[in-house]
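Residue-level structure breakdown
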Amino acid sequence: MSDTASSSGTLYIVATPIGNLGDMTSRAIETLKAVDLIAAEDTRHSARLLQHFGIQTRMTSYHDFSDDARVELLLHNLLDGQSVALISDAGTPLISDPGYRLVNRARERGLRVVPIPGVCAMTTALSAAGIPSDRFAFEGFPPAKHTSRLKLFQALVQETRTLVFYESPHRILECVDDMAAGFGFDRTAVIARELTKTFETIHCDTLGSLQHWLRADENQQRGEFVVLIKGAATEQDEEIPADAKRILQVLMEELSVKQAVSLASRLSGVKKNQLYALALASAAKPDDTVAQ
Ligand code: SAM
């Protein structure tokens, strides 16, 4: 694959499926066929994928433990005008997968780095979990040791964004136990297991109930997991009592929003910012009523 813009080759970062081979994009196939070299996390594992799609490109290994010499060799290939594609065992490279050092050094040397997007377990889980996805934080794999894991969850207890974790089958039970202890048994969470595969399961419940659910069926402990934790409730989420809404509505008919909110807050004891958000939302409604 020649690069017309410069004599250096391009580094392609190519996403591959996380289970269902039907999720391989045509651009990924074309790119892997066209490049001079594929750098793969595990060449034996990726050989099956390449064979399935009739890709005959030469492969070399690249993983997190690759030494500087391996990175330099790949950079040398690129500087020499060869194009290289980086793939991981599954999903998007660099997302809890190797590639950061290579991409970082390639960009430092002014080489072109082109993403070929596709599947990622995190976004796949988020898209179907049914908990807020407008703001989220990806935490990757939690620590393997109980004490550090619990400490991390306790440190994140006030986080209002949805939290996304990866977990392996041999740690899923103890991880969910620590999540329940750290975030609270009543916190809503989603376990997304074996996404895009035959036994795909996406189950939403409180962490306390998820602990029981996992233990009740050993099959639910098998496979690959994404665990999503609903963010901590914000003040705006707290339910405003119906009488406070009514007071605000009446006052808004006679006073400015600012005065109505201030007075309604004094009368009802509900925080001003909560009432203000409600007032603004209702002002935007055509019939000018406060949402019940
Ligand atoms: N780069 C990958 C991506 O884009 O999602 C993630 C690689 S990371 C080493 C592997 C972890 O991703 C698994 O342990 C699991 O937590 C999650 N994962 C990968 N495939 C999955 C699947 N089909 N269903 C659920 N989780 C999956």
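Residues numbered from 1 in each chain as written. Predicted model: local features only at pLDDT ≥ 70, side-chain atom pairs only at ≥ 80, totals over all residues. Heavy atoms only, no water.

So, the pattern of salt bridges
In plain terms, the rule: The salt bridge criterion pairs a side-chain nitrogen of Lys or Arg with a carboxyl oxygen of Asp or Glu, the two atoms within 4 Å. Secondary structure elements are taken from DSSP: a helix is a run of H or I of four residues or more, a strand is a run of E of two residues or more, and numbering for both begins at the N terminus. Any residue under 20% of the maximum accessible area for its type is buried, any over 50% is exposed, and the rest in between are partly exposed; the area is computed with a 1.4 Å probe on protein chains only.
Enumeration over the complete set of coordinates arrives at 12 salt bridges. Across the salt bridge formed by D178 and R149, the nearest N and O atoms sit 2.8 Å from each other. You can see D178 sitting in helix α7 (residues 172–183) and its partner R149 sitting in helix α6 (residues 146–155), a full 29 residues away along the chain. Accessibility expressed as a relative area gives 6% for D178, which makes it buried. The exposure class of R149 is buried, given its relative accessible area of 1%.

Brief notes about the site of the ligand
Threshold: Near is defined per residue: the residue qualifies when any heavy atom it owns lies within 4 Å of the molecule or strand. Under the rule applied, a polar contact is a pair of N or O atoms within 3.5 Å (in protein, one hydrogen donor and one hydrogen acceptor; residues adjacent in sequence only if both atoms are side-chain atoms). Side-chain classes follow a simple rule in which Ala, Val, Leu, Ile, Met, Phe, Trp, Tyr, Cys and Pro form the nonpolar group, Asp, Glu, Lys and Arg form the charged group, and the remainder, Gly included, forms the polar group. Residue ranges assigned to each domain were obtained from an automatic or database domain assignment.
Residues in contact with the ligand amount to 19 residues; listed here are only the nearest, T92, D97, A121, Y166 and F225. Interatomic distance of 3.3 Å between a side-chain N/O atom of E224 and a nitrogen atom of the ligand. Those elements that provide at least two residues to the shell around the ligand are β7 (162–167) and β10 (225–229). Residue classes in the shell around the ligand are distributed as 11 nonpolar, three polar and five charged. Composition of the shell around the ligand by domain shows at least three residues from each of domain 1 (3–119) and domain 2 (122–232).

Let's talk about unusual backbone geometry
Here the phi dihedral of E194 falls at roughly 50°; this positive angle occurs in a residue that is not glycine. By secondary structure assignment, the location of E194 is in the loop between β8 (188–193) and β9 (201–206). For E194, a relative accessible area of 14% puts it in the buried group. A positive phi angle, close to 70°, is found at T196, a residue other than glycine. Topologically, T196 is positioned in the loop between β8 and β9. Taking the relative accessible area as the measure of exposure, T196 reaches 18% and is therefore buried.

Side note on the domain arrangement of the chain
Domains assigned within the chain are domain 1 (3–119), domain 2 (122–232) and domain 3 (236–284). A straight line from the C-alpha centre of domain 2 to that of domain 3 covers 36 Å.

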